[in-house]
Amino acid sequence: MRELLTALARELEAGRSAVLCSIAASHGSVPRGAGAKLLVLPGGRTLGTIGGGAVEHRAIQLAGALRRRSHWETYRLSAGDAADIGMICGGEVRVFFQSFSPQDRGALEPVLELLEGGRAAWLLTEIRDSGWRMGTYDRENGLQGLDIPPARLEPLLGSRGVLDEGEPVLYGEPLCRAGTVYLFGAGHVARALAQVLALADFRVAVCDQRPQAVSREWFPEAVQLACVPFRDALAHLPPVTADDYVVIMTPGHEWDYEILSQALGTPAKYIGCIGSRRKVAATRERLLAEGFPAAEIDRVYAPIGLPIGGEAPGEIAVSVAAQMIACRSGRLEAAGQIFGWGAAPGRSGPCCK
């Protein structure tokens with residue numbers, strides 16, 4: 001979402017128009033559901049996807065012909081369309097084509113501000129025959145830009161896109177999930193992980209005590225780069241909340257332990273620590289000896305990542321990001337994934353940094 005809306009803002013700033021295609025509702029078997037977006041730029045250039053195949057091709061053609069007006073279109077995937085994208089049966093998607101002209105730049109400014117804010121927020125669109133208006137909602141500032149009765153507003157604030165076909169038509173979708181990933185250690189795996197997490201719409205803050213390691217060149221996706229001493233790193237950062245993630249992959253086991261012992265004192269949603277099963281077992285025993293309760297220790301995902309068998313930095317990054325996505329969506333089973341159980345039998349977890 002961030003990349004797509006930022007690109008849209010750049011186009012409007014340059015005096016060019018664009019069309020934002022959003023799946024507002026879907027039924028049956030479809031490749032992408034509500035919330036999927038495709039930005040169609042001048043000359044047929046695109047960013048994002050609403051599923052690919054013949055349906056997306058037709059959407060791009062229609063977007064290019066709209067001539068600065070907005071439009072609804074329903075696409076039913078025929079057997080041929082379904083086969084085109086590797087599916088067995090078809091479904092239906094309802095797409096809203098939202099035309100933007102350079103005069104609409106102001107509507108995007110509060111949206112982009114919220115995207116950088118790191119707190120849960122929703123994008124709301126009011127759709128009438130005469131055009132559209134955009135607003136936002138977040139817990140701190142409430143509803144901004146639109147006047148929506150509470151009874152209609154609350155159902156729009158879900159984890160997925162929601163279409164309310166009353167009068168006027170309203171569409172609500174998550175704009176920004178709450179929480180920041182605090183990534184401790186700026187080595188090869190961390191660089192790959194920051195890239196993957198950014199693609200999955202995580203906000204990543206990279207922390208290391210080596211000034212040369214926290215480089216914008218190496219971490220262009222990071223929302224924050226912090227050079228902090230590992231010994232008391234969390235004291236130099238904003239308080240870790242229940243929406244935040246702590247990922248530990250420092251240059252040495254002793255520093256991993258220092259960060260881990262600090263992270264256990266926070267309500268972080270996710271705490272993951274890289275290392276072999278042997279290191280994990282030794283760290284657990286050390287934490288117990290230091291007086292940490294077993295229940296607190298068992299919050300930690302270690303060896304970090306899902307046991308997919310990869311060893312290269314990029315492969316480890318994919319396994320860790322997949323585990324974090326599952327945690328964010330509430331689909332990660334704790335049993336078999338916590339301290340010392342995350343690796344497949346006979347294999348060590350990721351230990352490279």
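Cut-offs and rules
- Residue positions within a chain follow its written sequence, with the count starting from 1.
- Side-chain atom pairs in this predicted model are given and counted only at pLDDT of 80 or more, local residue features only at pLDDT of at least 70, and totals for whole chains, interfaces and linings cover all residues.
- Hydrogens and waters are ignored; side-chain quantities use all the structure's heavy atoms.
- Note on ring pairs: Phe, Tyr and Trp rings are taken, using the six-membered ring of Trp, and paired if centres are within 6.5 Å. Classes follow the plane angle, with under 30 degrees stacked, over 60 edge-to-face and the rest tilted.
- Going along the chain from the N terminus, every DSSP run of H or I of four or more residues is numbered as a helix, and every run of E of two or more is numbered as a strand.
- Under the scheme applied here, a residue whose accessible area is under 20% of the maximum for its type counts as buried, over 50% as exposed, and between as partly exposed, the area being computed with a 1.4 Å probe on protein chains only.
- Identification of polar contacts relies on pairs of N or O atoms within 3.5 Å, with a donor-acceptor requirement for protein atoms, meaning one able to donate a hydrogen and the other able to accept it, and with residues adjacent in sequence counted only if both atoms are side-chain atoms.
- Residue contacts follow a heavy-atom distance rule, with two residues in contact if any of their heavy atoms lie within 4.5 Å.
- One requirement defines pairing of two strands: DSSP has to find at least two bridges between them.
- Axes, fitted as lines to C-alpha atoms, cover a helix only where it is in contact. Angles between the N-to-C directions of the axes lie from 0 to 180 degrees.
- Whenever Lys or Arg places a side-chain nitrogen within 4 Å of a carboxyl oxygen from Asp or Glu, that contact is recorded as a salt bridge.

Q: Mind laying out the packing of aromatic side chains, listing which residues take part and the relevant values?
A: Tallying each qualifying case throughout the model produces seven aromatic pairs. Ring plane angle 40 degrees and centroid distance 5.0 Å describe the contact between Trp-72 and Phe-96, whose orientation is recorded as tilted. Placement of Trp-72 in strand 4 (residues 71-76) and of Phe-96 in strand 5 (residues 91-100) is noted, with a sequence separation of 24 residues between them. The class of Phe-96 is buried, set by a relative accessible area of 6%.

Q: Account for the side chain of Lys-37, naming residues and giving values.
A: Mapping Lys-37 onto the fold places it in strand 2 (residues 37-40). Among the polar contacts listed, one links the side chain of Lys-37 to the side chain of Glu-173, at a separation of 2.9 Å. With sequence-adjacent residues up to four places away left out, Lys-37 is seen in contact with Met-1, Leu-4, Leu-20, Cys-21, Ser-22, Leu-47, Gly-48, Thr-49, Ile-50 and Glu-173.

Q: Describe in detail the sheet that holds strand 14 (residues 245-248), supporting the description with residues and values.
A: Neighbouring strands of a sheet are bound in pairs by backbone hydrogen bonds; such pairs are parallel or else antiparallel. One open sheet holds the six strands; their spatial order is 13-12-11-14-15-16, and the pairing between them is parallel. Of all the strands in the sheet, just strand 13 (224-227) and strand 16 (300-301) have a single pairing partner and so form its edges. Here two bridges tie strand 15 (residues 270-273) to strand 16, and the two strands are oriented parallel to one another. Across the sheet, residue Gly-272 finds its bridge partner in strand 16, namely Tyr-301. Against the sheet, helix 10 (residues 313-329) touches strand 11 (181-184), strand 14, strand 15 and strand 16, its axis set at about 160 degrees to strand 15.

Q: Describe the sheet that holds strand 6 (residues 121-128), naming the residues involved and giving the relevant values.
A: Spatial ordering of the open sheet is given by 8-7-6-10-9, a layout of five strands whose pairing is antiparallel. Both outer strands of the open sheet, strand 8 (142-144) and strand 9 (162-164), are each paired with one neighbouring strand and no more. For this sheet the average axis-to-axis angle between neighbouring strands, irrespective of direction, equals 25 degrees. Of the strand pairs in this sheet, strand 6 and strand 7 (residues 131-138) are connected by eight bridges, and their pairing is antiparallel. For Arg-128, the partnering residue across the bridge sits in strand 7 and is Gly-131. Along the sheet, helix 4 (residues 105-115) contacts strand 6, strand 7 and strand 10 (169-176); its crossing angle with strand 7, the most-contacted strand, is approximately 25 degrees.

Q: Break down the pattern of salt bridges for me, citing the residues and quoting the values.
A: This structure, assessed with the given rule, holds 16 salt bridges. Note that Glu-258 and Arg-231 form a salt bridge whose closest N and O atoms lie 2.7 Å from each other. Residue Glu-258 is found in helix 7 (residues 253-263), and its partner Arg-231 is found in the loop between strand 13 and strand 14; the two are separated by 27 residues along the sequence. The partner of Arg-299 in a salt bridge is Glu-296, and the shortest N-O contact between them spans 3.0 Å. By relative accessible area, which is 23% here, Arg-299 ends up partly exposed. Judged by its relative accessible area of 30%, Glu-296 falls in the partly exposed class. The network of salt bridges with common partners includes Glu-126, Arg-128, Arg-133 and Glu-167.

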